[in-house]
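Letter by letter, the chains look like this.
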Amino acid sequence: MIATEAGISGIDGDRKRYYDYLSSIYREIWDYLKIQDGSVNPQKLELMFDRTVSPYVYWLKENSEKHEPGMSDEKKMTLLKSLAAKYKLKVSEDKFLITSRLESEDFKRLSENMRIAGYRYESKDRSFVRDVK
């Protein structure tokens, strides 16, 4: 079934453009692997995709038609939910606990996104806490 504008009308314009961007990068990597390797290894595709795409907040900052000074609470919550799911963070009393080992690049990416959402890393607890300034 082909998705139509009516079928995805609940998605705001920025998010739809971001999904289009993700889809084009995914397809580009798929095509590259198919030509380069003769077949597509799903793990390699996932790894390359994760390392290639810009997280939504960076993409939005670079591509948004309206530049907002700061991030809305709704966008912060969306970002926090997606980071918690992606990095398997445990939410506990306004803390986000790291539950698994992260590679250096993944930790840097997570830390930067958490900083954007208003959190800082506490090494003694292995968690991110609200950064009160």
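Each remark here, short or long, concerns the structure printed above.
Residues numbered from 1 in each chain as written. Predicted model: local features only at pLDDT ≥ 70, side-chain atom pairs only at ≥ 80, totals over all residues. Heavy atoms only, no water.

## Brief notes about the sheet that holds strand β3 (residues 119-122)
Put simply, the rule reads: A pair of strands is treated as paired once DSSP finds two or more bridges between them. For the purposes of this entry, the term helix denotes a DSSP run of H or I that reaches at least four residues, the term strand denotes a run of E that reaches at least two, and both are numbered from the N terminus. Here an angle of 0 to 180 degrees is reported between the N-to-C directions of two axes, which are lines fitted to C-alpha atoms, with helices fitted over the stretch in contact. By definition in these notes, contact holds between two residues if any of their heavy atoms fall within 4.5 Å.
Taken in spatial order, the four strands of this open sheet run β1-β2-β4-β3, and their pairing is antiparallel. Either end of the sheet is taken by a strand with one partner, and the two such strands are β1 (89-92) and β3. Averaged over all pairs of adjacent strands, the angle between their axes in this sheet comes to 30°, without regard to strand direction. As defined by bridge partners, β3 adjoins strand β4 (residues 127-130) across four bridges and the pair is classed as antiparallel. Bridging across to β4, Tyr119 finds its partner in Arg130. Against the sheet, helix α5 (residues 104-116) makes contact with β1, β2 (95-98), β3 and β4, and its axis sits at roughly 10° relative to β4, the strand it touches most.

## Comments concerning the packing of aromatic side chains
The following threshold applies: Any two of the Phe, Tyr and Trp rings considered here, Trp counted by its six-membered ring, make a pair once their centres fall within 6.5 Å; the pair's planes then place it as stacked at under 30 degrees, edge-to-face at over 60, or tilted in between. Buried, partly exposed and exposed residues are distinguished by accessible area as a fraction of the type maximum, computed with a 1.4 Å probe on protein chains only: under 20%, between the cut-offs, and over 50%, respectively.
Going through the model one piece at a time under the given rule, you end up with eight aromatic pairs. Centre to centre, the rings of Tyr26 and Phe49 are 5.6 Å apart; their planes meet at 75°, and the pair counts as edge-to-face. Of this pair, Tyr26 sits in helix α1 (residues 13-37) while Phe49 sits in helix α2 (residues 42-52); the two residues are 23 residues apart in sequence, bridging distant segments of the chain. The exposure class assigned to Tyr26 is partly exposed, which follows from its relative accessible area of 38%.

## Remarks on unusual backbone geometry
Excluding glycine, a negative phi dihedral is what most residues carry, and trans is how most peptide bonds are arranged. With a phi close to 55°, Lys88 is a non-glycine residue in the positive phi region. Summarising the element assignment, Lys88 is placed in the loop between α4 (73-86) and β1. A residue is classified by how much of its surface remains accessible, and Lys88, at 55% relative accessible area, is exposed. Of note, Arg126 is a non-glycine position whose phi angle comes to about 55°, a positive value. Relative to the assigned elements, Arg126 resides in the loop between β3 and β4.

## Looking at the pattern of salt bridges
Quick note on the threshold: The rule for a salt bridge is simple: a side-chain nitrogen of Lys or Arg has to be within 4 Å of a carboxyl oxygen of Asp or Glu.
Within this structure, the stated rule accounts for eleven salt bridges. One salt bridge in this structure joins Arg130 and Asp94, with 3.2 Å as the shortest N-O distance. One end of the pair, Arg130, is in strand β4; the other, Asp94, is in the loop between β1 and β2, and 36 residues separate them in sequence. Residue classification places Arg130 among the partly exposed residues on the basis of a relative accessible area of 44%. With a shortest N-O distance of 2.5 Å, Glu112 and Arg115 are connected by a salt bridge. Of the two residues, Glu112 and Arg115 are both situated in helix α5; the distance of three residues between them amounts to about one turn of the helix. With a relative accessible area of 26%, Glu112 lands in the partly exposed category. A single salt-bridge network, built from bridges that share partners, covers Arg51, Asp106 and Arg109.

In short, geometric facts, not functional conclusions.
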